[in-house]
Each structure stands twice: as structure tokens, then as C-alpha cells.
Amino acid sequence: MLLPKKVKHRKWHKGRRRNLGVATRATTLSFGDYGLKTESHGWVSSQQIEAARRVLTRYVRRGGKVWIRIFPDKPITKKGNEVPMGGGKGAPDHYVAVVKPGTILFEMVGVIRESAQEAMAMAGYKFGIKTKFIEKIIR
């Protein structure tokens, strides 16, 4: 699982999970020929990223390469079970990556189009947001 070695602050504000426009970073394929792109806002946890990565590497075998274009650096806190109200904020539980529509999640190269499309579809099922398969336009 991905998690940061060090964060500036141990606990962050939650922020507002609303439509804040489209992504301006990581919106084009930089490394591979095929990619998985988001179509909605949301949080992607490190567990979801790892599950999708395992699906993609299973499809690639030894023939290709996979790039992960997002990193979960936002700590999400949680209180223990049956803890009464009050007592402050809970301890950091897991990390998430905040994504906007248009963000590239994964890139892949070295496999045929059909298997890449199938692999990206299977990886897209692991997330709680809408995703779509994209490919590099060769001119």
C-alpha cells in the first residue's frame, strides 16, 4: 500500500467534497499508450490503488509496464468503535488521493489494445468513482 513517509501535519481538515472544476494536472498520457482517466470527483484510497495495481500487473504479466499517476497523501482520521462523543479528533486511519475529473490514474504500455482495455475496465471497478479507458493518439 502507498503511504507518505512524512506529512507536514498529522491531521488535515476534511475539506468539502463538491465539484471544484476539472483537473489541470496529470490530464494527458505522459508515459504509456493506454490510461485510466477519472470522470468524477472523489477520494481514492491507498487500498483501492493497490487493488487496481494488482489487477493491472496480472494482465500485463512480463510483457508491459504500468505507471501509477496518483499518490495518496491526505490523511483520513477515524475514532475507535464505541467511543463517546467529544474527546477530540481521532487518530489517522488511512490515506487518500483527491482526484478531479480528467485526472489520469494509471498508464500502461507493452500490451495489445484489447487486453489493456479489459485490464483498465477491471481496475476501474475497484474505485468508487466513474472512470474511462483512453489511448494515445498517434499522428
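The coordinates are above.
The paragraphs below set out a description of the structure included in this document. Here the residue index of a chain counts from 1 through its sequence in written order. Confidence filtering applies because this is a predicted model: local features only for residues at pLDDT of at least 70, side-chain atom pairs given and counted only at 80 or more, and all residues used for totals across whole chains, interfaces and linings. Processing note: side-chain calculations cover all non-hydrogen atoms of the structure and skip hydrogens and water entirely.

**Comments concerning the side chain of Thr38**
Selection rule: Going along the chain from the N terminus, every DSSP run of H or I of four or more residues is numbered as a helix, and every run of E of two or more is numbered as a strand. Using a 1.4 Å probe on the protein chains alone, a residue whose accessible area is under 20% of its type maximum counts as buried, one over 50% counts as exposed, and one in between counts as partly exposed. Should any heavy atoms of two residues lie within 4.5 Å, those residues are counted as being in contact.
If you trace the backbone, Thr38 turns up in strand E1 (residues 34-38). Among the residues examined, Thr38 registers a relative accessible area of 3% and is labelled buried. Excluding anything up to four places from it in sequence, Thr38 contacts Val99, Lys100, Pro101, Gly102, Thr103, Leu105, Ile129, Lys130 and Thr131.

**Things to note about the sheet that holds strand E4 (residues 74-78)**
Strand pairing within a sheet occurs via backbone hydrogen bonds; the two strands may be parallel or antiparallel. For the record, the criterion: Strands qualify as paired when DSSP identifies two bridges or more between them. The axes are straight lines fitted to the C-alpha atoms, using for helices just the contacting stretch, and the angles between their N-to-C directions are given from 0 to 180°.
The sheet built from 3 strands is open, its strands ordered E2-E5-E4 with antiparallel pairing. Edge positions in the sheet fall to strand E2 (42-45) and E4, since each has one partner strand and no second. Between one strand and the next, the sheet's axes are offset by a mean angle of 50°, whatever the strand orientation. With 4 bridges connecting them, E2 and strand E5 (residues 91-99) associate as antiparallel partners. Paired with Gly42 across the two strands is Val99, which belongs to E5. Against the sheet, helix H1 (residues 46-60) contacts E2 and E5, and its axis sits at roughly 65° relative to E2.

**Description of unusual backbone geometry**
A positive phi angle is found at Arg61, which is not glycine, with a value near 55°. The backbone of Glu82 shows a phi angle near 60°, a positive value even though the residue is not glycine. Here Glu82 lies in the loop between E4 and E5.

**Side note on the sheet that holds E1**
Strand order in this open sheet of 4 strands is E3-E6-E1-E7, and the pairing throughout is antiparallel. Each end of this open sheet is capped by a strand with a single partner; those strands are strand E3 (65-68) and strand E7 (131-135). The mean angle between the axes of side-by-side strands here comes to 20°, regardless of whether they run parallel or antiparallel. Note: E1 against strand E6 (residues 104-109), 4 bridges, orientation antiparallel. Looking at the pairing, Lys37 lines up with Ile104 of E6. Against the sheet, helix H2 (residues 113-124) touches E1, E6 and E7, its axis set at about 30° to E1.

**Focus: the pattern of salt bridges**
Which entries qualify depends on this criterion: Counted as salt bridges are all cases of a side-chain nitrogen of Lys or Arg within 4 Å of a carboxyl oxygen of Asp or Glu.
Under the defined criterion, the tally for this structure stands at 3 salt bridges. Between Arg69 and Glu107 there is a salt bridge, with its nearest N and O atoms 2.2 Å apart. With Arg69 in the loop between E3 and E4 and Glu107 in strand E6, the pair connects residues that are 38 residues apart, well separated along the chain. Salt-bridge contacts for Arg113 lead to Glu135; the nearest nitrogen and oxygen are separated by 2.8 Å. Residue Arg113 is found in helix H2, and its partner Glu135 is found in strand E7; the two are separated by 22 residues along the sequence. For Arg113, a relative accessible area of 32% translates into the label partly exposed. Given the relative accessible area of 35%, Glu135 is considered partly exposed.

**Overview of the packing of aromatic side chains**
Heads up, the condition is: Here the aromatic set is Phe, Tyr and Trp, taking the six-membered ring for Trp, and pairing holds for ring centres within 6.5 Å; pairs whose planes are under 30 degrees apart are stacked, those over 60 apart are edge-to-face, and all others are tilted.
Under the defined criterion, the tally for this structure stands at 3 aromatic pairs. Note on Tyr34 and Phe133: the rings are 5.7 Å apart at their centroids and 20° apart in plane angle, and the pair reads as stacked. With Tyr34 in strand E1 and Phe133 in strand E7, the pair connects residues that are 99 residues apart, well separated along the chain.

Nothing here speaks to function; it is geometry throughout.
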